[in-house]
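Coordinates in review
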Amino acid sequence: MNPIFVTQPYLPPLEEFIPYLEKIWESKTLTNRGPMHQRLEKELCDHLGVEHISLFANGTLALVTALQALRITGEVITTPYSFVATAHSLLWNGLAPVFADIDPVTLNLDPKKIEAAITPKTTAIVPVHCYGTPCDIDAIQKIADNYNLKVIYDAAHAFGVKRNGQSILKAGDLSILSFHATKVFNTFEGGAIISPDAKTKQRIDQLKNFGFVDEVTVVAPGINGKMSEVNAAFGLLQLQHIERAMTRRAEIDAMYRARLSQVPGLRLLEQPMPGNTSNHSYFPVLVGPDFSVTRDELYELLKDQSIHGRRYFYPLISEFPMYRHLPSAQPGLMPIAQGISREVLCLPIYPALTDEEVNRIADTVCYASTLQRKAAA
Ligand SMILES: *Cc1c(COP(=O)(O)O)cnc(C)c1O
């Protein structure tokens, strides 16, 4: 049987990419805000329903640059339940991460825990829309306004997600996206920052290009964060296919829900409220104490069938060596995140996954649920 991985990048037919490459060869512009780059910024604005977007070479550089652009200092409150890049971007800026616990339903930062973590040194909040589920952006904005904090959303999972018909990428001061190969929309490697106004975008565009304003003027110690023309061209091609890819993801999500929502001890994430959209970027299941086997046993059982789920996010960021000494990283301080990271397993979801494969995965999970749990020692 073919192995099934948790995700597979969406690749349009190769022949469709050739004309884009021919254009690049003709123009001889390989990078530095060339025609593909400019077109992708415009088309992404239209597609996402935002006004100002700056493309980056990857999502991590976008995060690092977003923190620079807003001149963040001191302590920044963030979630332990995310991909390591969220917190690494703080360390790369010499900032002190302060972890706060998550909400057990959305798995996003709990606003009450954010407020409790604020000190006189706090200057910003970096929440994550985990698995594309929107954060409580109203509550977070209220806290930010009350305490004069900036909010930078790590929206790496949230491509195309809407709340009340509006893009959630407009929330906070800045949002960042990742277009890594494993994400819903990919440019091989890539990322972006969404800005609220042209002036902020201009500063970000300078920062991602060494701080250049013109040939002879450098206004900031910028970095090289630019997206190349080949990556931008691939993004333009992906955009042609994105609706179909999203529809297929939604179908797979619905199939899993039909098969797994009644399995004892297994919890699925809630579906979005009416008026909100999900991008079905992940399909996490929470393997609770009432399930027949442990999360790790289920992970191994699936692996025996060549089905490779992923324990996103385990371990927590706060458990990695460069974070675990922090006062806010003590396990007792984030019982919800601790518990969820030991129960979570992301099942495969990607457009090329067939109905047969989804059923085979669901069959294996259902079979596991009938096993006798080993008697407790
Ligand atoms: C993928 C991801 C990133 C990093 O993006 P890259 O494009 O891989 O650098 C950051 N945060 C989260 C939550 C992610 O999932």
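Here the structure is a predicted model, which means the values were calculated and not measured.

**What to know about the domain arrangement of the protein**
Split by domain assignment, the protein resolves into domain 1 (4-101 + 108-237) and domain 2 (242-376). Placing a centre on the C-alpha atoms of domain 1 and another on those of domain 2 gives a separation of 26 Å. On the side of domain 2, 48 residues touch domain 1, which itself brings 37 residues to the contact. Across the domain 1/domain 2 interface, buried area totals approximately 3,500 Å², and carbon plus sulfur atoms make up 65% of it. Together, Ile4, Val6 and Tyr131 form the three largest contributors to the area buried by domain 1 at its contact with domain 2, with a combined 25%. The interface formed by domain 1 and domain 2 includes zero salt bridges. For the pair domain 1 and domain 2, the number of links is 21 residue pairs in polar contact (both at pLDDT 80 or more). Mapped by element, the contributors of at least two residues to the side of domain 1 that touches domain 2 are strand E1 (4-5), helix H4 (85-91), strand E4 (96-99) and strand E7 (162-163). Examining the composition of the side of domain 1 that touches domain 2, we find that four residues originate from one element, H4, more than from any other. Grouping the amino acids of the side of domain 1 that touches domain 2 by side-chain chemistry returns 20 nonpolar, 13 polar and four charged.

**Here we look at the site of the ligand**
The environment of the ligand is formed by 14 residues, the closest being Gly59, Thr60, Asp154, Ser178 and Lys183. In this structure, an oxygen atom belonging to the ligand sits 2.6 Å away from a side-chain N or O atom of Thr60. Within the side chain of Lys183, a nitrogen or oxygen atom sits 3.2 Å from an oxygen atom of the ligand. Starting from 380 Å² of accessible surface for the ligand in isolation, the protein chains cover 93%.

Each value, and the rule that gives it
Residues numbered from 1 in each chain as written. Predicted model: local features only at pLDDT ≥ 70, side-chain atom pairs only at ≥ 80, totals over all residues. Heavy atoms only, no water. Domains from an automatic or database assignment. Contact = heavy atoms within 4.5 Å. Buried area = accessible area lost by both parts, 1.4 Å probe. Salt bridge = Lys/Arg side-chain N within 4 Å of Asp/Glu carboxyl O. Polar contact = N/O pair within 3.5 Å; in protein donor to acceptor, adjacent residues only side chain to side chain. Helix = DSSP H or I, 4+ residues; strand = E, 2+ residues; numbered from the N terminus. Nonpolar A, V, L, I, M, F, W, Y, C, P; charged D, E, K, R; others polar. Near = heavy atom within 4 Å. Areas by Shrake-Rupley, 256 points an atom, 1.4 Å probe, with all protein chains shown as cover.

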